[in-house]
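The chain contents come next:
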Amino acid sequence: MRCPFCQHTESRVLESRSAEAGQSVRRRRECIHCKRRFTTYERIEFVPVAVIKRDGRRESFDRSKLLRGIVRACEKTGIDAAQLESLVDEIEAYLQQQVIREVTSNEIGELVLSHLQELSEVAYIRFASVYRKFRGIRDFVETLNHLERQAARTRESEATRAGDSREVERPSLESEDRGASLRPSSESISLMSQT
């Protein structure tokens, strides 16, 4: 492995560990010549996936380009780098599992949006505004309304599932009577106010 500082070709491995959810091996190395340290990643070589752009051009899927776009959308949202790496890992794994080795940029954009919707609505809006080429406020409003409708549907389905899984508890008459006996009477309230 060539040293990025002095270009010497010999280095020694100081530490190796699994990275990217087991998709790669991270190695910490030290150059034999200049003694500086650097990190390398070893990944399985996948069959390249071609991305069909909107104008019809084809280019190889670029993981780092996808990650940069997602990082830009998620700036100042509190989502940590590990979550974003994991998101890109999932998308890349999904693309590698497909039989067809070509995918449109629209399909990748929709995959990203489906993941971002669960992580952060702000990141979702930011990414959608670039990917879908928003032209004005109406595009933002329509997207916000779409998110709100989906959130309402999710809440309804969760409420329905919660209602099905447990019976509604109704207090028995006996417990109502017990509750009434625990409440202070008007006589006891007047006695307390006199003291």
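Residues numbered from 1 in each chain as written. Predicted model: local features only at pLDDT ≥ 70, side-chain atom pairs only at ≥ 80, totals over all residues. Heavy atoms only, no water.

### A few points about the sheet that holds strand β3 (residues 37-43)
In step 1: Across the sheet, which stays open at both edges, the 3 strands sit in the order β1-β2-β3 with antiparallel pairing between neighbours. Two strands close off the open sheet at either side, each with one partner strand: β1 (11-19) and β3. Neighbour to neighbour, the strand axes of the sheet diverge by 25° on average, direction disregarded.
In step 2: Pairing analysis gives 7 bridges linking strand β2 (residues 24-31) to β3, with the strands arranged antiparallel. From the neighbouring strand, Arg-27 faces β3, where its bridge partner is Thr-40. (Pairing = 2+ DSSP bridges. Helix = DSSP H or I, 4+ residues; strand = E, 2+ residues; numbered from the N terminus. Axes fitted to C-alpha atoms, helices over the stretch in contact; angles between N-to-C directions.)

### Focus on helix α4 (residues 121-131)
In step 1: Within the span of α4, buried status applies to Ala-123, Tyr-124, Ile-125, Phe-127, Ala-128, Ser-129 and Tyr-131.
In step 2: Two or three places before Val-122, at the opening of α4, Ser-120 has a side-chain oxygen 3.3 Å from that residue's backbone nitrogen.
In step 3: Looking one or two residues past α4, Lys-133 carries a phi angle of roughly 55°, positive in sign. (Buried < 20%, exposed > 50% of the residue type's maximum accessible area, 1.4 Å probe, protein only. Polar contact = N/O pair within 3.5 Å; in protein donor to acceptor, adjacent residues only side chain to side chain.)

### Some details on the layout of surface pockets
In step 1: Computed from the structure, the largest pocket encloses a volume of approximately 700 Å³.
In step 2: Looking at the lining of the largest pocket, the elements with two or more residues in it are β5 (58-60), α1 (63-73), α3 (105-119) and α4.
In step 3: Ranked by residues supplied to the lining of the largest pocket, first place goes to α1 with 7 residues.
In step 4: Considering only residue class, the lining of the largest pocket consists of 10 nonpolar, 5 polar and 9 charged. (1 Å grid on protein atoms, 1.4 Å probe; cavity = no way out; pocket = protein on both sides within 12 Å on 5 of 7 lines; lining within 4 Å. Points joined across faces, edges and corners; volume = space filled by probe spheres on them. Nonpolar A, V, L, I, M, F, W, Y, C, P; charged D, E, K, R; others polar.)

### A short note on the nonpolar core
In step 1: Leu-66, Ile-70, Ile-108, Val-112, Leu-116 and Phe-127 are the most contacted members of the largest nonpolar core, which totals 28 residues.
In step 2: In terms of residues, this core owes the most to one element, α4, which gives 6 residues.
In step 3: When near neighbours in sequence (up to four residues on either side) are disregarded, Ile-70 contacts Leu-84, Leu-87, Val-88, Val-112, Leu-116 and Phe-127. (Core = buried A, V, L, I, M, F, W, Y, C linked by side-chain atoms within 4.5 Å. Contact = heavy atoms within 4.5 Å.)

### A word on the packing of aromatic side chains
In step 1: Throughout the structure, instances matching the rule amount to 2 aromatic pairs.
In step 2: Judged by centre distance (4.9 Å) and plane angle (85°), the rings of Phe-134 and Phe-140 are edge-to-face.
In step 3: Using a relative accessible area of 17% as the deciding quantity, one classes Phe-134 as buried.
In step 4: Taking relative accessible area as the criterion, Phe-140 reaches 33% and is therefore assigned partly exposed. (Phe/Tyr/Trp six-rings, centres within 6.5 Å; stacked < 30°, edge-to-face > 60°.)

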